[in-house]
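The lines below spell out each chain.
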Amino acid sequence: MKLIYAIINNDDSHDVSSALTKAGFFTTKLASTGGFLMSGNTTFMICADDENVDEIIEIIKERSRRRKQFMPAANIGSEMQTAGYPVEVVVGGATIFVTDVERFEKV
């Protein structure tokens with residue numbers, strides 16, 4: 001048994017949730033905020049049998065997109081302090097952690 005944590009941009013959250021539900025996987029969703037750009041994310045917690053982990057990760061990969069976004073350089077801690085010039089950063093996609101579950105009980 002595994003516990004999958006998937007941190008996903010809010011823009012992709014609905015698509016990921018719908019695809020996982022359609023495939024028969026149940027999730028718990030938590031609202032979260034990224035530390036770098038302070039943007040909204042959704043953290044999915046998914047308990048799965050070992051043989052389903054790759055399928056779940058594939059669903060998340062298919063539904064989580066990376067995007068380019070422009071930010072003022074001052075917002076991302078640039079040493080040059082050129083706030084007038086935007087810096088392109090990549091946002092979105094997913095960060096996924098898979099951990100072992102030693103014990104699982106529904107009470």
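Refer to the structure printed above.
Parameters and conventions
- Residues numbered from 1 in each chain as written.
- Predicted model: local features only at pLDDT ≥ 70, side-chain atom pairs only at ≥ 80, totals over all residues.
- Heavy atoms only, no water.
- Helix = DSSP H or I, 4+ residues; strand = E, 2+ residues; numbered from the N terminus.
- Expected span 1.5 Å × (residues − 1).
- Buried < 20%, exposed > 50% of the residue type's maximum accessible area, 1.4 Å probe, protein only.
- Polar contact = N/O pair within 3.5 Å; in protein donor to acceptor, adjacent residues only side chain to side chain.
- Pairing = 2+ DSSP bridges.
- Axes fitted to C-alpha atoms, helices over the stretch in contact; angles between N-to-C directions.
- Salt bridge = Lys/Arg side-chain N within 4 Å of Asp/Glu carboxyl O.
- Core = buried A, V, L, I, M, F, W, Y, C linked by side-chain atoms within 4.5 Å.
- Contact = heavy atoms within 4.5 Å.

> Would you take a moment to explain helix 1 (residues 10-22) for this structure?
Residues spaced three or four apart along an α-helix point in a common direction, a consequence of the helix completing one turn every 3.6 residues. Taking 1.5 Å as the rise per residue, helix 1 with 13 residues should run 18 Å; its terminal C-alpha atoms sit 19 Å apart, in good agreement. Within helix 1, the full set of buried residues consists of Asp12, Ser13, Val16, Ser17, Ala19 and Leu20. Two to three positions downstream of the cap, the backbone nitrogen of aspartate 11 sits 2.8 Å from a side-chain oxygen, assigning the N-cap of helix 1 to asparagine 9. Within two residues after helix 1, glycine 24 carries a phi angle of roughly 95°, on the positive side.

> Would you mind going over the sheet that holds strand 2 (residues 28-33) with me for this structure?
Taken in spatial order, the four strands line up as 2-3-1-6 in an open sheet, and their pairing is antiparallel. Since the sheet does not close on itself, it has two edges, and those belong to strand 2 and strand 6 (94-100), each with one partner. Across this sheet, the average inter-strand angle for adjacent strands is 20°, counted without regard to direction. Pairing of strand 1 (residues 2-9) with strand 3 (residues 40-48) involves eight bridges; the strand directions are antiparallel. Across the sheet, the residue bridging to isoleucine 7 is threonine 43, located in strand 3.

> I would appreciate a short explanation of the pattern of salt bridges in the present structure.
Scanning the model with the defined rule gives five salt bridges in all. A salt bridge links arginine 65 to aspartate 15; its shortest N-O distance comes to 3.6 Å. With a gap of 50 residues between them, arginine 65 in the loop between helix 2 (53-63) and strand 4 (66-72) and aspartate 15 in helix 1 connect regions that are remote in the sequence. What makes arginine 65 partly exposed here is its relative accessible area of 41%.

> So what exactly am I meant to see when it comes to the pairing of strand 3 here?
Consecutive residues of a regular strand have side chains that alternate between opposite faces of the sheet. Across six bridges, strand 2 lies against strand 3 in antiparallel orientation. Residue pairing for strand 3: threonine 28 is matched across the bridge by methionine 45.

> Mind showing me how you'd approach the nonpolar core here?
A general tendency of soluble globular proteins is for nonpolar side chains to be buried together. Ranked by size, the top nonpolar core spans 15 residues in total, and within it Leu20, Phe44, Ile46, Ile56 and Ile60 carry the most contacts. Elements with a contribution of two residues or more to this core: strand 1, helix 1, strand 3 and helix 2. With five residues, helix 2 is the single largest residue contributor to this core. When residues no more than four places from it in sequence are discounted, the contact partners of isoleucine 46 are Lys2, Leu3, Ile4, Leu20, Phe26, Thr27, Ile56 and Ile60.

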